[in-house]
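What follows is each chain in one-letter form.
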Amino acid sequence: MAAYRLPPITTLPSLPTAELATILDHLFEPSVPLHTLSVDLLRDQPFSSYDDLVASIGVQLTHLAESSSTSDSKWLESILGAHPRLGEKKIDSTQSKAEQAQLALDAETGQDKLSELNSLYERTFPGLRYVVFVNGRDRSTILEDMQARIDRENIDLERTDAIKAMCEIAADRARKLAS
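Here is a short report on the structure shown in this document. Note that residues are indexed from 1 along each chain, following the sequence as it is written. Two thresholds apply to this predicted model, a pLDDT of at least 70 for residue-level local features and 80 or more for giving and counting side-chain atom pairs, whereas whole-chain, interface and lining totals are computed over all residues. The side-chain figures draw on all heavy atoms in the structure; neither hydrogens nor water molecules are used.

1. Some remarks on the side chain of Glu-158
In this structure, Glu-158 sits in helix 8 (residues 155-177). What qualifies as a polar contact is a pair of N or O atoms within 3.5 Å, subject to a donor-acceptor requirement within protein and to the restriction that residues adjacent in sequence count only when both atoms come from side chains. Within the local environment of Glu-158, its side chain forms a polar contact with the side chain of Tyr-121, the two groups lying 2.6 Å apart. Setting aside anything within four residues of it in sequence, one finds Glu-158 in contact with Tyr-121, Phe-125, Leu-128, Arg-149 and Arg-152. Here a helix means four or more residues in a row that DSSP labels H or I, a strand means two or more in a row labelled E, and each is numbered from the N terminus. Contacts are assigned to residue pairs that have any heavy atoms within 4.5 Å of one another.

See below:
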């Protein structure tokens, strides 16, 4: 099976809804709430690049994060929660598998510590999942970042950092998946 390639950015307004959802799934993670939030944006707003598209979705997510509405917070949490836990054995997304592969190769710090921090993170920030742009960093660096984010206990900053990480990941994926 051939690897997925993003269509030219200028073709987005003419693509069917299912294809726009597929683009979002490849850039971010499969998420029906993200489809609901962003498919119309892809259809209605012209973009000069996938970086611009990712930035616009980042603005949408930031608006959810800044909203005082509980339903907006839940909506954002469902989108952020589409990312797999770091070090999880079963990862459906091909992109996430590749991005997390180096964490499995770094045996310096055990899987137990990563599992423990994932659980602590999710208890500290109910409804959220730790999202980080791994980008070549080793497991110990990621664990230090995770612990620091847990220790600061600030859900608003955590949402902001997760959105930023999601957008960094999506921009990196766009570069790799460009036609």
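Here the narrative resumes, following the displayed structure.
2. Details of the environment of Leu-12
With respect to the secondary-structure elements, Leu-12 resides in the segment before helix 1 (17-27). With residues up to four places along the chain from it excluded, the contact list for Leu-12 reads Pro-7, Leu-20, Ile-23, Leu-42, Tyr-50 and Leu-53.

3. With respect to the pattern of salt bridges
Any carboxyl oxygen of Asp or Glu that lies within 4 Å of a side-chain nitrogen of Lys or Arg is treated as forming a salt bridge with it. What the rule picks out here adds up to 15 salt bridges. Note that Arg-43 is salt-bridged to Asp-40, the shortest N-O span being 3.0 Å. Of the two residues, Arg-43 and Asp-40 both sit in helix 2 (residues 32-44), three residues apart, roughly one turn of that helix. We call a residue buried when its accessible area falls under 20% of the maximum for its residue type, exposed when it is over 50%, and partly exposed in between, using a 1.4 Å probe and counting protein chains only. Note on Arg-43: relative accessible area 26%, which makes it partly exposed. Given a relative accessible area of 45%, Asp-40 falls into the partly exposed group. Note that Arg-159 and Asp-156 form a salt bridge whose closest N and O atoms lie 3.8 Å from each other.

4. Re the environment of Ile-155
Looking at the secondary structure, you find Ile-155 in helix 8. Taking C-alpha positions, Ile-155 is 6.4 Å from Phe-125, a pair spaced 30 residues apart along the chain. Excluding its chain neighbours within four sequence positions, the residues that come into contact with Ile-155 are Phe-125 and Leu-128.

5. Considering unusual backbone geometry
Unlike most non-glycine residues, Glu-153 shows phi in positive territory, near 50 degrees. Residue placement: Glu-153 occurs in the loop between helix 7 (139-152) and helix 8. With a relative accessible area of 62%, Glu-153 lands in the exposed category.

6. A word on the packing of aromatic side chains
We call Phe, Tyr and Trp rings a pair once their centres come within 6.5 Å, taking the six-membered ring for Trp, and we label the pair stacked below 30 degrees between planes, edge-to-face above 60, and tilted otherwise. On inspection of all chains with the given rule, the structure shows two aromatic pairs. Summarising the aromatic geometry, the rings of Tyr-121 and Tyr-130 are spaced 5.6 Å apart at their centres and angled 75 degrees between planes, so their arrangement reads as edge-to-face. Here Tyr-121 falls in the buried class, since its relative accessible area comes to 0%. Accessibility expressed as a relative area gives 2% for Tyr-130, which makes it buried.

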